[in-house]
Amino acid sequence: MESEDQFEGCVLGLALGDALGAPFEGGAVERLLWRLIGTTRAGEMRWTDDTQMSVDVAESLLARGAVDADDLARRFARSYRWSRGYGPGAARVLKKIAAGQDWQLANRSVYPEGSYGNGGAMRAPMLALFYARRPDALLEAVEQVTLITHAHPRGVEGALLVATATLLSLRQADPLEILLAAGACSRHVEFTRSIDIAATWLAAGVLPKPRQVAAELGNGIAAARSCVTALFVALSFADRPFDEMLDFVTRCGGDTDTLGAMAGAVWGARRGKAGLPLEKLRRLEQASRLSTLSRALYSGRCAAA
Ligand code: R7I
Ligand code: MG
Ligand code: MG
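Remember, predicted model here, so these are calculated numbers, not experimental data.

**Q** I would appreciate a short explanation of the overall build of the protein in the present structure.
**A** Helix and strand counts for the protein come out as 17 helices and zero strands. Every one of the 305 residues in the protein was classed for burial, and the buried ones make up 60%. Within the protein, counting contacts between residues at least 6 apart in sequence, those at least 24 apart form 73% of the total. Of the roughly 12,400 Å² that the protein leaves accessible, carbon and sulfur atoms contribute 52%.

**Q** It is not clear to me how the coordination of the magnesium ion (ligand 2) should be interpreted in this structure. Could you clarify?
**A** Working reference: metal with six octahedral donors, ideal angles 90 or 180 degrees; metal with four tetrahedral donors, ideal angle 109.5 degrees. Here the magnesium ion (ligand 2) is held by Thr 48 (OG1), Asp 49 (OD), Asp 50 (OD) and Asp 257 (OD), and the distances to it run 2.0 to 2.3 Å. Each donor residue of the magnesium ion (ligand 2) lies on one chain, and together they are spaced T-D-D-x206-D. Between the two metal centres, the magnesium ion (ligand 2) and the magnesium ion (ligand 3), the spacing is 3.5 Å, with Asp 257 acting as a shared donor. One end of the pair, Asp 50, is in helix α3 (residues 49-64); the other, Asp 257, is in helix α15 (residues 256-271), and 207 residues separate them in sequence. Summarising the burial analysis for this pair, Asp 50 and Asp 257 share the class buried.

**Q** Sorry, what's going on with the site of ligand 1 here?
**A** Close contacts around ligand 1 come from 20 residues, with Gly 89, Ser 115, His 150, Asp 255 and Thr 258 the closest. Gly 85 is positioned with one of its backbone polar atoms (N or O) 3.4 Å from an oxygen atom of ligand 1. Between Tyr 116 and ligand 1, the recorded distance is 2.9 Å, taken from a backbone N or O atom to a nitrogen atom. Here ligand 1, which alone exposes 690 Å², has 84% of that area covered by the protein. Mapped by element, the contributors of at least two residues to the shell around ligand 1 are α3, α5 (88-98) and α15. Top element by residues in the shell around ligand 1 is α5. It accounts for three residues. Residue composition of the shell around ligand 1, grouped by class: five nonpolar, 10 polar and five charged.

**Q** Please explain the packing of helix α9 (residues 153-170) against helix α13 (residues 227-236) as it appears in this structure.
**A** To characterise two packed helices, one gives the angle between the axes of the helices and the distance between these axes. Two numbers describe how α9 lies on α13: the axes approach to 9 Å, and their chain directions differ by 15 degrees. Here α9 lies roughly parallel to α13, going by the angle between them. When the axes of α9 and α13 are compared, the crossing they make is left-handed. Contacts between α9 and α13 pair Gly 158, Leu 161, Val 162 and Ala 165 from the former with Cys 227, Val 228 and Leu 231 from the latter. Its residues placed into classes, the contact of α9 with α13 shows six nonpolar, one polar and no charged.

**Q** What should I look at first to understand the nonpolar core in this one?
**A** Buried together is how nonpolar side chains tend to be arranged in soluble globular proteins. Within the largest apolar cluster, 104 residues are counted, with the highest numbers of intra-cluster contacts made by Leu 127, Tyr 131, Met 245 and Leu 284. Per element, the largest residue contribution to this core is 10 residues, and it comes from α9. With residues near it in sequence (within four places) discarded, Leu 284 still touches Leu 12, Ala 15, Leu 16, Ala 19, Glu 44, Met 45, Trp 47 and Leu 290.

**Q** It is not clear to me how the environment of Leu 20 should be interpreted in this structure. Could you clarify?
**A** One can find Leu 20 in helix α1 (residues 4-21). On the accessibility criterion, Leu 20 (15% relative accessible area) is buried. In the structure, Leu 20 is positioned 159 residues away from Leu 179 in sequence and 24 Å away in space, judged by C-alpha atoms. Apart from the residues lying within four places of it in its own chain, the contact partners of Leu 20 are Met 45, Phe 242, Leu 246, Thr 250 and Lys 280.

**Q** Could you clarify how one ought to interpret the pattern of salt bridges in this entry?
**A** Pairs can form between side chains of opposite charge whenever their charged atoms are close. Counted by the stated rule, this structure contains 14 salt bridges. The salt bridge partner of Arg 289 is Glu 59, with a shortest N-O separation of 3.1 Å. A residue pair is termed long-range when its members are at least 10 positions apart, and Arg 289 in helix α17 (residues 287-300) and Glu 59 in helix α3 qualify at 230 residues. Judged by its relative accessible area of 35%, Arg 289 falls in the partly exposed class. Owing to a relative accessible area of 27%, Glu 59 belongs among the partly exposed residues under this scheme.

**Q** Can you help me understand the packing of aromatic side chains in this one?
**A** Given two aromatic rings, one states the distance between the centres and the angle between the planes to describe the pair. All told, the structure shown has six aromatic pairs when counted by the stated rule. Ring geometry for Phe 237 and Phe 248: centres 5.4 Å apart, planes at 55 degrees, overall tilted. In this pair, Phe 237 is assigned in the loop between α13 and α14 (242-252) and Phe 248 in helix α14, connecting sequence segments 11 residues apart. Phe 248 shares its class with Phe 237; the two are buried. Relative to Trp 267, the ring of Phe 242 has its centre 5.4 Å away and its plane inclined at 75 degrees; by these criteria the two rings are edge-to-face. Taken as a pair, Phe 242 in helix α14 and Trp 267 in helix α15 lie far apart in primary sequence, 25 residues in all. Neither residue differs from the other here; Phe 242 and Trp 267 are each classed as buried. Its end group placed over the ring of Tyr 298, Arg 301 keeps NZ or CZ at 4.1 Å from the ring centre.

Cut-off values and rules
- Residues numbered from 1 in each chain as written.
- Chains lettered and ligands numbered in written order.
- Predicted model: local features only at pLDDT ≥ 70, side-chain atom pairs only at ≥ 80, totals over all residues.
- Heavy atoms only, no water.
- Helix = DSSP H or I, 4+ residues; strand = E, 2+ residues; numbered from the N terminus.
- Buried < 20%, exposed > 50% of the residue type's maximum accessible area, 1.4 Å probe, protein only.
- Contact = heavy atoms within 4.5 Å.
- Areas by Shrake-Rupley, 256 points an atom, 1.4 Å probe, with all protein chains shown as cover.
- Donors = N, O, S within 2.8 Å, 3.2 Å for Na, K, Ca; no water.
- Near = heavy atom within 4 Å.
- Polar contact = N/O pair within 3.5 Å; in protein donor to acceptor, adjacent residues only side chain to side chain.
- Nonpolar A, V, L, I, M, F, W, Y, C, P; charged D, E, K, R; others polar.
- Axes fitted to C-alpha atoms, helices over the stretch in contact; angles between N-to-C directions.
- Parallel < 35°, antiparallel > 145°, perpendicular 65-115°, else oblique.
- Left-handed = near helix turned anticlockwise from the far one by under 90°.
- Core = buried A, V, L, I, M, F, W, Y, C linked by side-chain atoms within 4.5 Å.
- Salt bridge = Lys/Arg side-chain N within 4 Å of Asp/Glu carboxyl O.
- Phe/Tyr/Trp six-rings, centres within 6.5 Å; stacked < 30°, edge-to-face > 60°.
- Lys NZ or Arg CZ within 6 Å of the ring centre and 35° of its normal.

So, in structure tokens, the structure goes:
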């Protein structure tokens, strides 16, 4: 059965992957900007929208006892700060919600089908924690939470994939089994093709160079170009140190904060806080707040049905 240490590992792993990946995200301009704003006054590593939205999800679940989309939409909108590096579409949606627009209108106001970005998937691990004892309720909850900002079917598909992998990592299932079981949520060829490639590599114990992983599975901000990549990396490094995994993530390039957040959450759910690098945790922004939140999620998680 999952432990409190694993819950803490998942939340802190997500935030650490986000904060350590952020300096490598995007192109030269993004990296320069993060050099200017990526450290707090106290010298700690800042995290980005990935962690902020995860905190919002966790706090809303704990306050409301279940998914309350209206409450969560308000929290997302209240927490928005440009300096957390939100995706451009997500930023516009959140500003509309802050201005009073219903999230059910705002979520398709920028892209007609809703966003297919990975912003829904990056916060999905929190649902796996909260619904760890009620897995039957997990997928519907993930869909409800993702729709608020990422209504596109591929945005939702990525979130289902990451949530399911997190749940199975809590149970410390075999890495290949995790990938295949999580991949069973996938329908679109953009996902299933990547799952097939990643499963072939995992089954053969092959770890290609980061550049090849990025080329074949993706490293972009679309859910279909990052979720499988993050899972493959987390599962390939399941028995290796966190730092080695994160080094691989940063060398994949592209959306490194979000790859780091998703891989960090899945890795941390399996290995627990005990596996995370202590010296880096000490330099993580608001680490004690995140630990407290993870413990609240552990004791407040949904009771078994
Ligand atoms: O998905 P999202 O919240 O965040 C994506 C990334 C994460 O890495 C964050 O850490 C942050 O760094 O940004 O942001 P969105 O703006 O919803 O989606 C990301 C991008 O995907 C958009 O800015 C668009 O470029 C693209 N996109 C689409 N383009 C065309 N049509 C998403 N959905 C569509 C679409 O339907
Ligand atoms: Mg981010
Ligand atoms: Mg990102």
